[in-house]
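So the chains spell out like this:
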Amino acid sequence: MLETFTGPMLELFATAFGETLLMVGVSGLISSLIGIPLGVYLHLTAPGGVLQNRPVNGVLGFVVNAVRSTPFIILLVAIIPFTRLLAGSSIGTAAAIVPLTIAAAPFVARLVETALREVDTGLVEAAQAMGASTAQIVRKVLLPEALLGIVAGVTITLVSLTGYSAMAGAIGGGGLGDLGIRYGYQRFLPEVMLAVVVVLVVFVQALQAAGDWVVRRLRHR
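Residues numbered from 1 in each chain as written. Predicted model: local features only at pLDDT ≥ 70, side-chain atom pairs only at ≥ 80, totals over all residues. Heavy atoms only, no water.

**Re the packing of helix α7 (residues 134-168) against helix α9 (residues 190-220)**
Test applied: Whenever a helix is involved, its axis is fitted only over the stretch in contact; in every case the axis is a line through C-alpha atoms, and angles between N-to-C directions fall within 0 to 180 degrees. Here a strand is any run of E in DSSP of at least two residues, a helix any run of H or I of at least four, and the numbering for each starts at the N terminus. Here the angle decides the label: under 35 degrees means roughly parallel, over 145 means roughly antiparallel, 65 to 115 means roughly perpendicular, and every other value means oblique. Note on contacts: a residue pair qualifies if any of its non-hydrogen atoms lie within 4.5 Å across the two residues. Residues were grouped as follows: Ala, Val, Leu, Ile, Met, Phe, Trp, Tyr, Cys and Pro as nonpolar; Asp, Glu, Lys and Arg as charged; and all remaining residues, including Gly, as polar.
At a minimum axis distance of 9 Å, the contact between α7 and α9 shows a crossing angle of 170 degrees. As the angle between them shows, α7 and α9 are arranged roughly antiparallel. Along its contact with α7, which presents Leu147, Leu148, Val151, Ala152, Thr155, Leu158, Val159, Thr162 and Ala166, the element α9 presents Leu200, Phe203, Val204, Leu207, Gln208, Gly211, Val214, Val215, Leu218 and Arg219. Looking at side-chain class alone, the contact of α7 with α9 contains 14 nonpolar, four polar and one charged residues.

**Focus on the nonpolar core**
As a reminder of what qualifies: In plain words, nonpolar cores are sets of buried Ala, Val, Leu, Ile, Met, Phe, Trp, Tyr and Cys residues tied together by side-chain atoms within 4.5 Å. Classification of residues uses two cut-offs on accessible area relative to the type maximum, computed with a 1.4 Å probe and protein chains only: under 20% is buried, over 50% is exposed, and between them is partly exposed.
In terms of nonpolar packing, the biggest core is built from 16 residues, with Met23, Phe72, Leu75, Leu100, Leu161 and Ala168 touching the most fellow members. When residues of this core are traced back to their parent elements, those giving at least two are α1 (7-45), α3 (72-78), α5 (93-117), α7 and α9. The element contributing the most residues to this core is α5, with six residues. Every residue in contact with phenylalanine 72, bar those within four places of it in the chain, is listed here: Pro99, Leu100, Ala103, Tyr164, Met167 and Ala168. Core analysis: the second largest hydrophobic core is formed by 15 residues, Val119, Ile137, Val141 and Leu142 among them.

**A word on a nonpolar patch on the surface**
Which entries qualify depends on this criterion: Patch members must show over 30% relative accessible area and no salt bridge, and they are joined within 9 Å when carrying like charges or within 5 Å when they are nonpolar side chains of Val, Leu, Ile, Met, Phe, Trp or Tyr. Here, Shrake-Rupley sampling with a 1.4 Å probe gives the accessible areas, and only protein chains in the shown set may cover a residue. When a carboxyl oxygen of Asp or Glu lies within 4 Å of a side-chain nitrogen of Lys or Arg, that pair is called a salt bridge.
Judged by side-chain polarity, Leu29, Ile30, Leu33 and Ile34 come together as a nonpolar surface patch covering roughly 380 Å² of accessible area. When you line up the elements, isoleucine 30 lands in helix α1. What makes isoleucine 30 partly exposed here is its relative accessible area of 33%.

**Comments concerning the packing of aromatic side chains**
Threshold: Centre distance within 6.5 Å is the pairing criterion for rings of Phe, Tyr and Trp, where only the six-membered ring of Trp is used; planes under 30 degrees apart are then read as stacked, over 60 as edge-to-face, and the remainder as tilted.
Counted by the stated rule, this structure contains two aromatic pairs. Judged by centre distance (5.5 Å) and plane angle (85 degrees), the ring pair of phenylalanine 17 and phenylalanine 203 falls under edge-to-face. Separated by 186 residues along the polypeptide, phenylalanine 17 in helix α1 and phenylalanine 203 in helix α9 bring together distant segments of the chain. For the ring pair phenylalanine 72 and tyrosine 164, a centre distance of 4.7 Å and an interplane angle of 10 degrees mean the geometry is stacked. Here phenylalanine 72 is found in helix α3, whereas its partner tyrosine 164 is found in helix α7, with 92 residues between them in sequence.

**Comments concerning the pattern of salt bridges**
Applying the stated criterion to the full structure yields three salt bridges. In this structure, the salt-bridge partner of arginine 110 is glutamate 113, at a minimum N-O distance of 2.5 Å. Placement of the pair is arginine 110 and glutamate 113 together in helix α5, with a separation of three residues, close to one helical turn. Side by side, arginine 110 and glutamate 113 carry an identical accessibility label, which is buried. The salt bridge partner of arginine 117 is glutamate 113, with a shortest N-O separation of 3.2 Å. Taken together, the residues arginine 117 and glutamate 113, both in helix α5 and four residues apart, mark about one turn of the helix. Overall, arginine 117 belongs to the exposed group, its relative accessible area being 54%. Among the charged side chains, a network of salt bridges with common partners joins Arg110, Glu113 and Arg117.

**Thoughts on the environment of isoleucine 80**
With respect to the helices and strands, isoleucine 80 occurs in helix α4 (residues 80-87). Of the residues examined, isoleucine 80 reaches a relative accessible area of 23% and is grouped as partly exposed. Sequence separation between isoleucine 80 and valine 98 is 18 residues, and the spatial gap between their C-alpha atoms is 9.3 Å.

Laid out in structure tokens, this is it:
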């Protein structure tokens, strides 16, 4: 077993881990930049919200739920033409970032919306009574009060993206998933598959620990 992990294999592991970091990091960042404003808007347009608009909220909610309910492996294949349009290819790390982002953004939006629902409505009503604009309510009341929940939600999203990135390896997305399939499964090297699983587990634990640490620091402040 140990003879499998020679210099070339270790280099493959390092490269694959770097690709996984890139996929999770970039897609996590972009999906957060899309999902957080979308979650805020869903909350604002919900019944009883500052910008209550049932038709708009209903349409956005339907789209978000539709994407979230689509299994990632199906979404991965279904949007190949769109992926090829944006990334110039349907395989590789850059290409995998497209479906990862599309899958994660609605997930972030719902988590943000849930966190915002926990904000005391009395604070919002007080801000409105003082003449605060919608932007001020969002910036000075909703986001600060829901920050802990949003950070926790982003952490959950990054953990989920790690699993999705491994799944993307099934169609040549690169990363640890691709390494596990090509060497662990197709070349009958179970020790490689086991090593990939161990690395992914450690990586997820590190992500969760980092997110929990940030939440604790914010809570103490």
